[in-house]
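Chain by chain, the residues run as shown.
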Amino acid sequence: MTRLLAWMGLRYRKSYVGQLMELGLQASWCAVHKAGNRRQAMDHLISQIYFTGVEAIPLVAFLALVIGSATILQAATVMPKIGAGDYFGNVMVLVVIREVGPLFTAFLVAGRTGSALSTYLGNMKVQQEIDALKTMGIDPVRYLVFPSFVATMLSMFCLTVIFNLVAIFGGYLVVKMLSLFLSDFAEVQLSLSLFLERILASMGVMDGVLGIIKPVTFGMLVSVIACFHGMAVTNDIRAVPKATTLGVVNSFVCITLFDVLFAVPLLANLRIL
Amino acid sequence: MSERGMSVIASVHNLRFGYAGQEPILRRVNFHVLPGQILVICGLSGQGKSTLLRLLIGLEKPDAGVVRLLGRDISGLNAAAFNDLKKEVGFVFQSPALISNKTIFENVALPLIYHNIGDEDEIRYRVDNALEMLLIKDHQHQYPANVSLGILKRAAVARAMIMRPKLILMDEPTAGLDRISRSVLLALIANIRRINHVSMVLVTHDLLAARELGGEIGVLKEGELLQPMNFEQLKNCQDSFVEFLFRQLEQEAAMSGEAPA
């Protein structure tokens, strides 16, 4: 029995999921077990947050504005026609806050930061820079993966909040402006107070809890998958683009899978529409 | 753990290694390095010279045999203890392997900063000294992509010696350099060894470099290391492989118009 468990443990450790989990645990361990230079680690963390979070704000805001406007426009024009006007707030919460906000932000971070991380680490591996760190007694997980891990989680959370706010308020403003200038949208009659009232009334505790857990988990997935594929590159430059592609695609798949898993507690609470 | 009354800095006993799915590249390698000694390992390409250095620093795990650094069997060390031990060992890669987004100064200072050795002033003092010793202080603010290979190699040597190690491992330090840069680098390496009294294991296919650095030369042949000896002894060695290496050397010298060894 012990042998069987040991064999299963070894098989699991060698599996893709097992290796990802191992890297995730190693990076988490770095937060608990202090070693290395704190100031150096903080510098890396800040530069990673700047790249992953701050530099991505314009892109996230633009995407949020477009998606927010389209959702509000559809909800405000189509739903009353099919007798579902009262569910306007629910649709906004369901579409923007619960699903599209965290999901699109995660896809964007995976495509931007994830690919950059895989390429960066892959190139470092090819040029033996990671081996050089090891020979100096520098743990590459602590030095390279840990700052990216923390920065991606923090940035993902902040970017999701920004996405949600811009999608709701920016989207509302865009629709209001459209209704002023274009006759096709003149029928959209929605006051800001009613708009916010309906959205707030549709939000529950679970939305708040998942609003934190979801982006943080997605950030963790993106950084671990990207770092794993970057560090798994062999000493072959042709492996770098392959690792980058694989990292981004696998991040997309894992994010979608976890998004479905996160829907379960909401469905269990019967908070669908 | 002593040889002629001196403690051994590094030793390798019956080392065997093969890459996955391939024949063993190293079959039975034995050698030891004494304090201040320089051991040059020569051999043809693909004989496992670089692999031997990677095994010494723990980048690869041997299939069999024992590697001891500063008296400690590295296979019995946990990651933290091995990282501590690596502070005593410098490593120079064939590709200089400097961190590309850091300047030369930052690269050389990296191990000191990471291991919290000294305050800011001491780090600056030590790095400045190392850069001056290797004649690259003028390049300290440049990034690796903007300097020549010769400068990069010297920066890699500076990084390897910055922790004041007891042993420096060097993989083909002169590979890819022109004749002048090569001579300068060899002179600087000899200087570092003399001043710091550091032991060195140097891997090269360049027998002349081995002669210029002095010390003992071990030839890697069919996965085994021939008994290390000095250049003159090696020249008179009756081994067919060693004779072949010297013939190659003479041919290269004839082609480049140099006097033969």
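Being a predicted model, the structure only gives us computed values, none of them experimental.

This part is about the overall build of chain B. If you tally the helices and strands in chain B, you get nine helices and twelve strands. On C-alpha atoms alone, chain B measures out to a radius of gyration of 18 Å, which is about the 18 Å that the 2.2 N^0.38 rule sets for 261 residues. Overall, the C-alpha framework of chain B stretches about 55 × 50 × 40 Å when taken along its three principal axes. Counting across all 261 residues of chain B, residues that qualify as buried make up 42%. Relative to all contacts within chain B whose residues are 6 or more apart in sequence, the contacts with residues 24 or more apart total 67%.

The helix and strand inventory of chain A stands at ten helices and zero strands. Walking chain A from its N terminus toward its C terminus, one meets helices and strands in the order α-α-α-α-α-α-α-α-α-α. Split into buried and exposed, the 273 residues of chain A put 39% on the buried side. Of the contacts made within chain A by residues no fewer than 6 positions apart, 87% connect residues no fewer than 24 positions apart.

Residues and elements named next belong to chain B. The N-to-C vectors of helix α3 (residues 104-114) and helix α4 (residues 120-133) enclose an angle of 130°; their axes lie 10 Å apart at closest approach. Taken together, the axes of α3 and α4 are oblique relative to one another. Crossing of α3 over α4 shows right-handed handedness. Taken together, the residues of α4 that come into contact with α3 (itself represented by F105, V108, A109, L112 and I113) are I123, R126, V127, A130 and L131. When its residues are assigned to classes, the contact of α3 with α4 shows nine nonpolar, no polar and one charged.

Bringing the interface of chain B and chain A into the picture now. In this assembly, 18 residues from chain B lie in contact with 14 residues from chain A. For the side of chain B that touches chain A, the secondary structure elements donating two or more residues are α2 (79-85) and α3 of chain B. Looking at which element gives the most residues to the side of chain B that touches chain A, the answer is α3 of chain B, with four residues. Residues belonging to the side of chain B that touches chain A are distributed by class as follows: ten nonpolar, five polar and three charged.

All names here are of chain B. With five bridges connecting them, strand β3 (residues 10-17) and strand β4 (residues 26-33) associate as antiparallel partners. Note that in β4 the partner of F17 across the bridge is L26. Pairing of β3 with strand β6 (residues 64-69), which is carried by five bridges, proceeds in the antiparallel orientation. Residue pairing for β6: H13 is matched across the bridge by V66.

All names here are of chain B. Helix α6 (residues 179-196) packs onto helix α5 (residues 149-161) with a crossing angle of 10° between their chain directions and a minimal axis gap of 10 Å. Overall, the two elements α5 and α6 adopt an arrangement that is roughly parallel. Here G150, K153, R154, V157 and M161 of α5 lie close against α6, whose contacting residues are S181, L185, L188, I189, I192 and N196. Classifying every residue of the contact of α5 with α6 gives six nonpolar, three polar and two charged.

Residue and element names in this part refer to chain B. Relative to the elements of secondary structure, Q37 occurs in the loop between β4 and β5 (38-42). A tally of 21 C-beta atoms within 10 Å means that Q37 is categorised as buried. Sequence separation of Q37 and V89 is 52 residues, and the distance between their C-alpha atoms is 14 Å. Once residues lying within four places of it in the same chain are set aside, the contact partners of Q37 are S199 and G215.

Below, the discussion takes up the confidence of the model for chain B. Interpreting fine coordinate detail is not advised for predicted regions of low pLDDT. Residue and element names in this part refer to chain B. Counting all residues, the mean pLDDT for chain B is 88, and 95% of those residues have values of 70 or more. The model gives residues 1-5 a pLDDT under 50, and that stretch makes eight contacts with residues more than four places away or in other chains. ipTM for the predicted complex: 0.90, alongside a pTM of 0.87.

What follows covers the nonpolar core. V108, A158, L169 and V201 of chain B are the most contacted members of the largest nonpolar core, which has 133 residues in total. Once residues within four sequence positions are removed from consideration, V201 of chain B is found in contact with A10, V33, L39, I41, L53, L56 and L169 of chain B.

Mean pLDDT for chain A: 86, with 89% of residues reaching 70 or above. Averaged pLDDT values over the elements of chain A bottom out at 69 in helix α1 (residues 2-14) of chain A and peak at 95 in helix α6 (residues 129-135) of chain A.

Turning our attention to the environment of E60 of chain B. Here E60 of chain B is to be found in the loop between α1 (49-56) and β6. A C-alpha to C-alpha distance of 8.8 Å links E60 of chain B and F17 of chain B, two positions 43 residues apart in sequence.

All names here are of chain A. Within the secondary structure, E99 sits in helix α5 (residues 88-126). Given 15 C-beta atoms within 10 Å, E99 falls into the partly exposed group. Spatially, the C-alpha atom of E99 lies 38 Å from that of V126, the residues being 27 residues apart in sequence.

Rules and cut-offs
- Residues numbered from 1 in each chain as written.
- Chains lettered and ligands numbered in written order.
- Predicted model: local features only at pLDDT ≥ 70, side-chain atom pairs only at ≥ 80, totals over all residues.
- Helix = DSSP H or I, 4+ residues; strand = E, 2+ residues; numbered from the N terminus.
- Rg over C-alpha atoms; globule rule 2.2 N^0.38 Å.
- Buried ≥ 20, exposed ≤ 12 C-beta atoms within 10 Å, placed from the backbone.
- Contact = placed C-beta atoms within 7 Å.
- Axes fitted to C-alpha atoms, helices over the stretch in contact; angles between N-to-C directions.
- Parallel < 35°, antiparallel > 145°, perpendicular 65-115°, else oblique.
- Left-handed = near helix turned anticlockwise from the far one by under 90°.
- Nonpolar A, V, L, I, M, F, W, Y, C, P; charged D, E, K, R; others polar.
- Pairing = 2+ DSSP bridges.
- pLDDT = per-residue confidence, 0-100.
- Core = buried A, V, L, I, M, F, W, Y, C linked by C-beta atoms within 7 Å.

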